[in-house]
Amino acid sequence: TSAAMAGSPLRRGEEVFVFYRMDKRCQHDRKYLAVLDPRHGAYRPRTGLAEGWVPARVAKDQTATGHSNQVSIEYAWPHFYTKQGRLADNRQNYTEFFQLGDVRRASDFSTGASPWNVLVPPSLQPDLAIIAFRWGGLTDISFCAQWGETGVSSSDTFLESFIDSAVVKQLGTNYEVWVVYVEDHSDMAKMAETAHLIFGPHHPARRAKRTCGMYFLYPTAFEEGCVPTMETGGDSGAGLVDQKSLFRLMQAVERAGIPTRFPHCSGLYEQLASKRWTHILSLTPHLRVPPTVAVPRMLIEQSCAGAAERALKSLQLVKEQQAILRGEAVPDGPIEKGVAKLSFSWEALDVKCWTGKSGLQDALSQLTQSIEISKELTGQPHDCEVLLVQEFMQHDLELRLYVVDGRIEGSVFTKFCCIKENLEFGDFKQSFSKAEAARNWMGGDMATMDDGERQCRELTEHWLAWIQAQSCEMPPAIRFDYFVGRTSTPGRASVWTLEICELGFSMLAHKQLPEKVFAAMLASCLRSPAAQETANLEVGPEAKRRRQVEV
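Definitions and limits used
Residues numbered from 1 in each chain as written. Predicted model: local features only at pLDDT ≥ 70, side-chain atom pairs only at ≥ 80, totals over all residues. Heavy atoms only, no water. Domains from an automatic or database assignment. Helix = DSSP H or I, 4+ residues; strand = E, 2+ residues; numbered from the N terminus. Buried < 20%, exposed > 50% of the residue type's maximum accessible area, 1.4 Å probe, protein only. Salt bridge = Lys/Arg side-chain N within 4 Å of Asp/Glu carboxyl O. Axes fitted to C-alpha atoms, helices over the stretch in contact; angles between N-to-C directions. Parallel < 35°, antiparallel > 145°, perpendicular 65-115°, else oblique. Left-handed = near helix turned anticlockwise from the far one by under 90°. Contact = heavy atoms within 4.5 Å. Nonpolar A, V, L, I, M, F, W, Y, C, P; charged D, E, K, R; others polar. Phe/Tyr/Trp six-rings, centres within 6.5 Å; stacked < 30°, edge-to-face > 60°. Lys NZ or Arg CZ within 6 Å of the ring centre and 35° of its normal. Pairing = 2+ DSSP bridges. Polar contact = N/O pair within 3.5 Å; in protein donor to acceptor, adjacent residues only side chain to side chain.

Things to note about the domain arrangement of the protein chain
One frequently used descriptor of interface size is the decrease in accessible area upon assembly of the parts.
Now for step 1: Under the domain assignment used here, the protein chain contains domain 1 (12–35 + 52–120), domain 2 (125–262), domain 3 (291–392) and domain 4 (394–517).
Now for step 2: Look at where the C-alpha atoms of domain 1 and domain 4 centre, and you get two points 48 Å apart.

Below you can see the structure in the form of structure tokens.
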């Protein structure tokens, strides 16, 4: 019960707990964690409580503050540190006002000890404790307007949006957020070695009814601090971390009994971020993956020309085999145009268009040897063991389908309208209107647009079954991107799977999606293992029929 509900006014010197929210209370460039021990704030990786009940004392009588619905307090806990290791100076008499609903007497928790001796009320069992692995580098994460108000998924804005719109809305103050700040691979390596010790049953986060891990970081195959990372985008690579170290960390935390609830369990997330599914499933006909091959790095390092020749032969073989598997005529003529991609790349970067063998050879060279960035040549220091080479599929537009809890909840039509001088896609356009997209990009052919949308929805059902085969659960949300184009048959569309985007995908400023996605994320965090098993049974024909009816 809050002090406001208790009735009696709070008096100066009373021991209380206040609900602290770091991202709301602190200045943007100086956010303080409440750490269990001063060494947790002084040494990396720094970790502590960002949101939850912390000990304090009343600084002024409630009736003397002049704010009847607020209480003036001073923090009783001595250990507050920033992500860079600066600590709050508790020698100063610093006071803050808290709403009465965010203040509770220490006696309400029956701690059996003074609040000066405990960080969190041990008798309180929160409904949820989130262990959030966040970017701890000096440079803040930036994002463009296309990401919308919720921001890019590695940003503080995204986590705050989730907490505000879903967690607080449902749980009030009965939750905690513990943060681990990550600056580079060394922080993840330390945590991976000790996760079972740090976050074992004794850690305060484990007393919650549900405890989960969330990873607001982007895995990359590039070396940390290299030119391609530092000079791409406007934030010097903020939020990008070594992919091998990140997945090792996730696996270690999961082995400690803490499930991942953002973005996905480590195995599925690694498959999606690496884009490995493209060449593995290229010969699965009903999933409609364009002809794709994995070109081993060793072949490229021996000879870009030789690797290009082998890749084209293998790509042609895959295309012919696809036709055989679908019962179609084997296509005539060689593949002339395609794209080469790196694993663990983001926002359409590290994707090169190519035409013919010489074009593919140049693309392989640029993605592995040297590339021009900011009008200077630089090396490509990444550890991708393969490069993905894929045939370019002719199309009129892309259709992005947003799936929340197994149901399609939104769609956006997009198009890259040009190929830039550096052979990357550019001039991105989007539309929320199917009629407008058909008019602008399909010559007004609504019949073909409708057929393309129908095929994409059917494909999505197939992909959802595949997703569950990788993780034994339906993800809270996921996005599927498809190529849609006209064919020689009137009203018949050609559809190909372009991309599977992990939870945290860009919602392109969609107005209704964020609330739905965040609600599904929270439900996933709170779901019991038994309830999860029941939900996972919803994969048969009857479940499919219900989803289609609901859509």
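Read on for the rest.
Some thoughts on unusual backbone geometry
Most peptide bonds take the trans form, and the phi angle of most residues other than glycine is negative.
Now for step 1: Cis geometry is found at the peptide bond from Arg44 to Pro45, where omega equals -10 degrees.
Now for step 2: With respect to the helices, strands and loops of the structure, Pro45 is situated in the loop between helix H3 (38–42) and strand S3 (47–58).
Now for step 3: That bond from Phe262 to Pro263 is cis: its omega, -5 degrees, falls within 30 degrees of zero.
Now for step 4: Note on placement: Pro263 falls in the loop between strand S13 (260–262) and helix H8 (266–274).
Now for step 5: Phi is positive for Ser374, which is not a glycine, with a value near 55 degrees.
Now for step 6: Looking at the secondary structure, you find Ser374 in the loop between strand S17 (370–373) and strand S18 (376–379).
Now for step 7: Taking relative accessible area as the criterion, Ser374 reaches 52% and is therefore assigned exposed.

Section: the pattern of salt bridges
Now for step 1: Following the criterion strictly, the structure yields 39 salt bridges and no others.
Now for step 2: Ionic pairing is found between Asp156 and Lys31, a salt bridge with its closest N-O pair at 3.1 Å. Taken together, the positions of Asp156 in helix H4 (residues 156–171) and Lys31 in the loop between helix H2 (22–25) and strand S2 (33–34) put the pair 125 residues apart, joining distant regions of the chain.
Now for step 3: Asp156 gets classed as partly exposed once you look at its relative accessible area, which sits at 24%.
Now for step 4: Accessibility expressed as a relative area gives 9% for Lys31, which makes it buried.
Now for step 5: Several salt bridges share partner residues, and in doing so they unite Asp23, Lys31, Arg134, Asp156 and Glu160 into one network.

Observations regarding the packing of helix H13 (residues 434–441) against helix H14 (residues 446–471)
Now for step 1: Orientation of H13 relative to H14, taken along the N-to-C sense of each, is 120 degrees, at an axis distance of 10 Å. Compared by their axis directions, H13 and H14 come out oblique. Here the hand of the crossing between H13 and H14 comes out right-handed. From H13, Lys434, Ala435, Ala437 and Ala438 reach across to H14, where they touch Met446, Met449, Asp450 and Glu453.
Now for step 2: Partitioning the contact of H13 with H14 into residue classes produces five nonpolar, no polar and three charged.

What about the environment of Met191?
Now for step 1: Take Met191: it is sitting in helix H5 (residues 185–198).
Now for step 2: For Met191, a relative accessible area of 2% translates into the label buried.
Now for step 3: For the pair Met191 and Pro121, spaced 70 residues apart in sequence, the C-alpha to C-alpha distance is 26 Å.
Now for step 4: Residues in contact with Met191, not counting those within four places in the same chain, are Pro45, Phe133, Val180, Ile198, Phe199 and Leu249.

Observations regarding the packing of aromatic side chains
For any two aromatic rings, the description comes down to two numbers: the centre-to-centre distance and the angle of the planes.
Now for step 1: Throughout the structure, instances matching the rule amount to 21 aromatic pairs.
Now for step 2: An angle of 75 degrees between the planes, with centres 5.5 Å apart, marks the rings of Tyr20 and Phe80 as edge-to-face. With Tyr20 in strand S1 (residues 15–21) and Phe80 in strand S5 (residues 80–81), the pair connects residues that are 60 residues apart, well separated along the chain. No difference in accessibility class separates Tyr20 from Phe80, as the two residues are buried.
Now for step 3: Geometry around Phe98 places Arg25 over its ring, the cationic atom sitting 3.5 Å from the centre.
Now for step 4: Stacked on the ring of Trp496, the Lys or Arg Arg288 has its end atom at 3.9 Å from the ring centre.

A closer look at the pairing of S18
Now for step 1: As paired elements, S17 and S18 share four bridges and run antiparallel to each other. Bridge pairing in S18 places Ile371 opposite Thr378.
Now for step 2: Hairpin connection from S17 to S18: two residues lie between these consecutive antiparallel strands, with Ser374 at a positive phi of about 55 degrees.

A word on the side chain of Thr220
Now for step 1: Following the sequence through the fold, Thr220 ends up in strand S11 (residues 218–220).
Now for step 2: Once residues within four sequence positions are removed from consideration, Thr220 is found in contact with Leu240, Val241, Asp242, Gln243 and Phe344.

Considerations on the environment of Trp441
Now for step 1: Mapped onto the fold, Trp441 is located in helix H13.
Now for step 2: C-alpha of Trp441 to C-alpha of Leu128: the two residues are 313 residues apart in sequence and 47 Å apart in space.
Now for step 3: In contact with Trp441, other than residues within four places in its own chain, are Asp396, Leu397, Phe413, Thr414, Lys415, Lys429, Gln430, Ser431 and Arg486.

Some words on the sheet that holds strand S15 (residues 337–341)
Now for step 1: Strand order in this open sheet of four strands is S14-S19-S15-S16, and the pairing throughout is antiparallel. At either end of the open sheet lies a strand with only one pairing partner, and these are strand S14 (292–296) and strand S16 (351–355). Each neighbouring strand pair of the sheet contributes to a mean axis angle of 25 degrees, computed without reference to strand direction.
Now for step 2: Pairing analysis gives four bridges linking S15 to strand S19 (residues 386–391), with the strands arranged antiparallel. Paired with Lys341 across the bridge in S19 is Leu388.

Description of the side chain of Lys31
Now for step 1: A distance of 2.7 Å separates a polar atom in the side chain of Lys31 from a polar atom in the side chain of Asp23.
Now for step 2: Of note is the side chain of Lys31, whose polar atom sits 3.1 Å from the side chain of Asp156.
Now for step 3: When neighbours within four sequence positions are excluded, Lys31 is seen to be in contact with Met22, Asp23, Cys26, Tyr81, Thr82, Lys83, Asp156 and Glu160.

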